[in-house]
Amino acid sequence: MTTIPLSPALVERLRDSGPILALTGAGVSAESGLATFRGPGGMWEGRDPMELATPEAFADDPHTVWRFYAWRREQAAAASPNPAHRALAELESGRDDFTLVTQNVDGLHERAGSRGVIRLHGTLWRLRCSVEGTERDDLRDDLGPLPPRCECGALLRPAVVWFGESLPEEALERAMHAARRAGVVLVAGTSSLVYPAAALPEIAQRAGAYVVEINPEETPLSALADERLAGAAGQILPAVAEAAAAASRDRS
Ligand code: NAD
């Protein structure tokens, strides 16, 4: 049993408001030991994203970019899903009106058991031909120090969204659709700075959803959210999943 108290308003919304949308960011993997992006101790501290996470950087120095992503794959492979990932997988398995949209590329949601994850920023576990654009899954932890080559001879790159690139169209469309029909939106572990992901809670709220932010720090979403749960996703999301499961039991 959890000890985190949820507001009556949220408990009621979980029972009566229809579809739930969860939007996650790097903070949900922080308790698995993976660094978030911004701030002290963040992944970009001492690194220049423009030299590691742009198509131009890959064209100029594919080995450096590849080594950075090989290191991130190793980190992600060594990490385990935490209670936040597991709570979201439980929410999905307990109801058919739940959608999980993530900005994370680490694969921890999938490893926790989430099946229908909408990945807005791609995944470390797929590779894309830098010329043809064709993609293939590759789940090996260690791909070596140099980018492998496609059958066509071009270098393969991680299938993640880099700065300056568009989001995968179908994933964004499905996420927008889920936002427009959601009754409750759980926004966990994101600084809500990167668009278009950061627009989803606003779109959902305009369409009538109750927006809940789960984050120990304030973000630009904080003032807009209907409710803020200041704390770690690994503590709060299990309480939310439990309340949602209880609400489903009440209804049936
Ligand atoms: P972020 O690092 O900007 O923010 C992480 C948030 O998590 C912070 O607000 C922090 O307070 C919060 N947090 C920390 N620990 C937490 C916990 N235990 N529980 C709940 N919240 C916690 O990460 P973001 O919001 O995911 O960034 C948005 C996206 O921007 C990233 O997912 C990434 O895809 C993208 N991005 C991509 C690149 C790239 O390489 N292409 C570079 C930078 C950002």
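Conventions we followed
Residues numbered from 1 in each chain as written. Predicted model: local features only at pLDDT ≥ 70, side-chain atom pairs only at ≥ 80, totals over all residues. Heavy atoms only, no water. Phe/Tyr/Trp six-rings, centres within 6.5 Å; stacked < 30°, edge-to-face > 60°. Buried < 20%, exposed > 50% of the residue type's maximum accessible area, 1.4 Å probe, protein only. Lys NZ or Arg CZ within 6 Å of the ring centre and 35° of its normal. Core = buried A, V, L, I, M, F, W, Y, C linked by side-chain atoms within 4.5 Å. Helix = DSSP H or I, 4+ residues; strand = E, 2+ residues; numbered from the N terminus. Contact = heavy atoms within 4.5 Å. Near = heavy atom within 4 Å. Polar contact = N/O pair within 3.5 Å; in protein donor to acceptor, adjacent residues only side chain to side chain. Areas by Shrake-Rupley, 256 points an atom, 1.4 Å probe, with all protein chains shown as cover. Pairing = 2+ DSSP bridges. Axes fitted to C-alpha atoms, helices over the stretch in contact; angles between N-to-C directions. Domains from an automatic or database assignment. Buried area = accessible area lost by both parts, 1.4 Å probe.

Caption draft 1: Here's a closer look at the packing of aromatic side chains. Evaluated as defined, the whole model comprises four aromatic pairs. Centre to centre, the rings of Phe 68 and Tyr 69 are 5.1 Å apart; their planes meet at 80°, and the pair counts as edge-to-face. One exposure class covers both Phe 68 and Tyr 69, and it is buried. Each residue in the set Phe 58, Phe 68, Tyr 69, Trp 71 and Trp 162 is aromatic and connected to the rest through ring pairs, giving one cluster. One Lys or Arg, Arg 47, reaches over the ring of Trp 71 and ends 4.6 Å from the middle of that ring. A cation over a ring is seen here: Arg 157 above Trp 162, with NZ or CZ 3.7 Å from the ring centre.

Caption draft 2: Representation of the nonpolar core within the structure. Ranked by internal contacts, the top residues of the largest apolar core, which has 28 residues, are Leu 10, Leu 14, Ile 20, Leu 91, Leu 186, Ile 214 and Leu 237. Ranked by residue count, the leading element in this core is helix 9 (residues 233–251), at eight residues. With sequence-adjacent residues up to four places away left out, Ile 20 is seen in contact with Leu 14, Leu 91, Arg 95, Asp 97, Phe 98, Thr 99, Val 184, Leu 186 and Ala 244. If you look at the next biggest cluster of nonpolar residues, it comprises 24 residues, including Leu 23, Ala 171, Leu 172 and Val 187.

Caption draft 3: Representation of the site of the ligand. In the vicinity of the ligand lie 27 residues, with Phe 37, Arg 38, His 121, Thr 190 and Ser 191 positioned nearest. Within the backbone of Gln 103, an N or O atom sits 3.2 Å from an oxygen atom of the ligand. Taking Gly 189, its main chain carries an N or O atom lying 3.2 Å from an oxygen atom of the ligand. Here the ligand loses 90% of its free accessible area of 850 Å² to cover by the protein chains.

Caption draft 4: Summary view of the sheet that holds strand 3 (residues 118–119). Read across the sheet, six strands follow the order 3-2-1-7-8-9 without closing on themselves; strand pairing throughout is parallel. Two strands close off the open sheet at either side, each with one partner strand: strand 3 and strand 9 (227–229). By the bridge criterion, three bridges tie strand 8 (residues 210–214) to strand 9 in an arrangement that is parallel. Of the residues in strand 9, the one forming a bridge with Ile 214 is Leu 229. Strands in contact with helix 5 (residues 83–94) are strand 1 (20–24), strand 2 (98–102) and strand 7 (184–188); relative to strand 2, the strand with the most contacts, it is inclined by about 145°. With respect to the sheet, helix 9 is in contact with strand 1, strand 7, strand 8 and strand 9, its orientation differing from that of strand 7 by roughly 160°.

Caption draft 5: Summary view of the side chain of Thr 219. Structurally, Thr 219 can be placed in the loop between strand 8 and strand 9. On the basis of relative accessible area, Thr 219 is assigned to the buried category, the value being 13%. At a separation of 3.0 Å, a polar atom in the side chain of Thr 219 contacts the main-chain amide nitrogen of Leu 221. For Thr 219, the contacting residues outside a window of four places in its chain are Thr 190, Ser 191, Ser 192 and Glu 213.

Caption draft 6: Structural context of the domain arrangement of the protein. If you check the domain split of the protein, you get domain 1 (1–34 + 82–121 + 169–252) and domain 2 (38–78 + 122–160). Inter-centroid distance (C-alpha atoms) of domain 1 to domain 2 is 28 Å. A combined buried area of about 830 Å² lies between domain 1 and domain 2, and 50% of that area is made up of carbon and sulfur atoms. The largest per-residue losses of area from domain 1 upon contact with domain 2 belong to Leu 34, Val 105 and Arg 119, which jointly make up 48% of the total buried on that side.

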